[in-house]
Amino acid sequence: MDVYKNCPTLESDKYLIRFLEERDLDDLFEIYSDKNALPFFNSDNCDGDNFYYPTKERMAEAVKFWLDAYKNGWFVRFTVVDKSTQKAVGTIEMFRRAGATDTFNNCGVLRLDVRSDCERADVLYGIISVIVPPSFELFGCDEIITKAPNYAVERIAAVEKFGFRRSENLMVGTNDGYAYNGYWIIGR
């Protein structure tokens, strides 16, 4: 299956993970205008975008870019919906990193952004448990990396529980050449 032609919907008893839609705008604005969530967003190698969108207009521009990125095969942006409230509580950006000169070449990259009240080990683990297993096949990779900086104690607890291990390697940005730390890795 080509994820850029047919994006699947994934789910558990608590979360629905589906392709981003324009109708998600209000819920996404709540996430990306949340200053307390901002420190946990992974903006490494994103051309200076920190994913803080304080206006609905700026959020709409980001959604348009994410939809265009999918059409161009750059990455998939999924919306994470809490089934109990039917509200989006986060997004996942996922892609296979190709053409890199570091040890993370051809790894899947998982960027998970959630509202600050969802930055809890149980919530993050629940979401990771849904997205990681099928992503090896969906993105044609044998390893997946995700960022969990030292201060992200809830995130670290979630990725460790799932089986990620801290990497000592740095991810060198293909856009900016900067070496980023704080990555965790898991294999098939």
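That block above? That's the structure.
None of the values given here were measured: they were computed from a predicted structure.

## A word on the sheet that holds strand β2 (residues 15-19)
Taken together, eight strands build an open sheet; the order of strands is β1-β2-β3-β4-β5-β6-β10-β7 and the sheet is mixed. Single-partner strands in this sheet number two, and they are β1 (10-11) and β7 (165-166). As defined by bridge partners, strand β5 (residues 108-114) adjoins strand β6 (residues 143-147) across three bridges and the pair is classed as parallel. The partner of V109 across the bridge, within β6, is I145. Here helix α1 (residues 25-32) sits on the sheet and contacts β3 (76-82), β4 (87-96) and β5; the angle it forms with β4, its principal contact strand, is near 80°.

## Some points on the nonpolar core
Ranked by internal contacts, the top residues of the largest apolar core, which has 35 residues, are I17, F78, I92, I127, V132 and I144. Contributing elements (two or more residues each) for this core: β2, β3, β4, β5, α3 (121-138), α4 (153-162) and β10 (183-187). For this core, the leading source of residues is α3, giving nine residues. If sequence neighbours within four positions are ignored, I144 has contacts with M94, G108, L110, V132, S135, F136, F164, W184, I185 and I186.

## Here's the deal with the pattern of salt bridges
Throughout the structure, instances matching the rule amount to 22 salt bridges. As a salt-bridge pair, D26 and K56 come within 2.8 Å of each other at their nearest N and O atoms. Linking D26 in helix α1 with K56 in helix α2 (residues 56-71), this pair joins segments that are 30 residues apart in sequence. On the accessibility criterion, K56 (37% relative accessible area) is partly exposed. Each of D27, E30, K87, R115 and D117 takes part in one network of salt bridges that share partners.

## Examining the packing of α3 against α4
In contact at an axis separation of 8 Å, α3 and α4 are set at 45° when each is read in the N-to-C sense. By the criterion of interaxial angle, the relationship of α3 to α4 is oblique. The hand of the α3/α4 crossing is right-handed. Between α3, through A121, L124, Y125, I128, S129, V132 and P133, and α4, the contact on the second element is made entirely by E154, R155, A157, A158, V159, K161 and F162. Among the residues forming the contact of α3 with α4, the class breakdown is 10 nonpolar, one polar and three charged.

Procedures and definitions
- Numbers given to residues run from 1 along each chain, matching the order in which its sequence is written.
- Local features in a predicted model are, by the rule used here, given only for residues with pLDDT of at least 70; side-chain atom pairs are given and counted only at 80 or more, and totals for whole chains, interfaces and linings are based on all residues.
- The side-chain numbers reported here are obtained from all heavy atoms of the structure, hydrogens and water having been left aside.
- Only when DSSP finds a minimum of two bridges between them are two strands counted as paired.
- Put simply, DSSP marks the helices as runs of H or I at least four residues long and the strands as runs of E at least two long, and each gets a number from the N terminus on.
- Whether two residues touch is decided by their heavy atoms; if any such pair falls within 4.5 Å, the residues are in contact.
- Angular values range over 0 to 180 degrees, each being the angle between N-to-C directions of two axes fitted as lines to C-alpha atoms, with helices fitted over their stretch in contact.
- In plain words, nonpolar cores are sets of buried Ala, Val, Leu, Ile, Met, Phe, Trp, Tyr and Cys residues tied together by side-chain atoms within 4.5 Å.
- Relative accessible area decides the class of each residue, using a 1.4 Å probe on protein chains only: under 20% of the type maximum gives buried, over 50% gives exposed, and in between gives partly exposed.
- Each salt bridge in this description consists of a side-chain nitrogen of Lys or Arg and a carboxyl oxygen of Asp or Glu lying within 4 Å of one another.
- Orientation labels follow simple angle bins: below 35 degrees gives roughly parallel, above 145 gives roughly antiparallel, 65 to 115 gives roughly perpendicular, and whatever is left gives oblique.
- Two helices that cross are described as forming a left-handed crossing if the nearer one is turned anticlockwise from the farther one by less than a right angle, and a right-handed crossing if clockwise.
- Nonpolar residues are Ala, Val, Leu, Ile, Met, Phe, Trp, Tyr, Cys and Pro. Charged residues are Asp, Glu, Lys and Arg, and all others, Gly as well, are polar.

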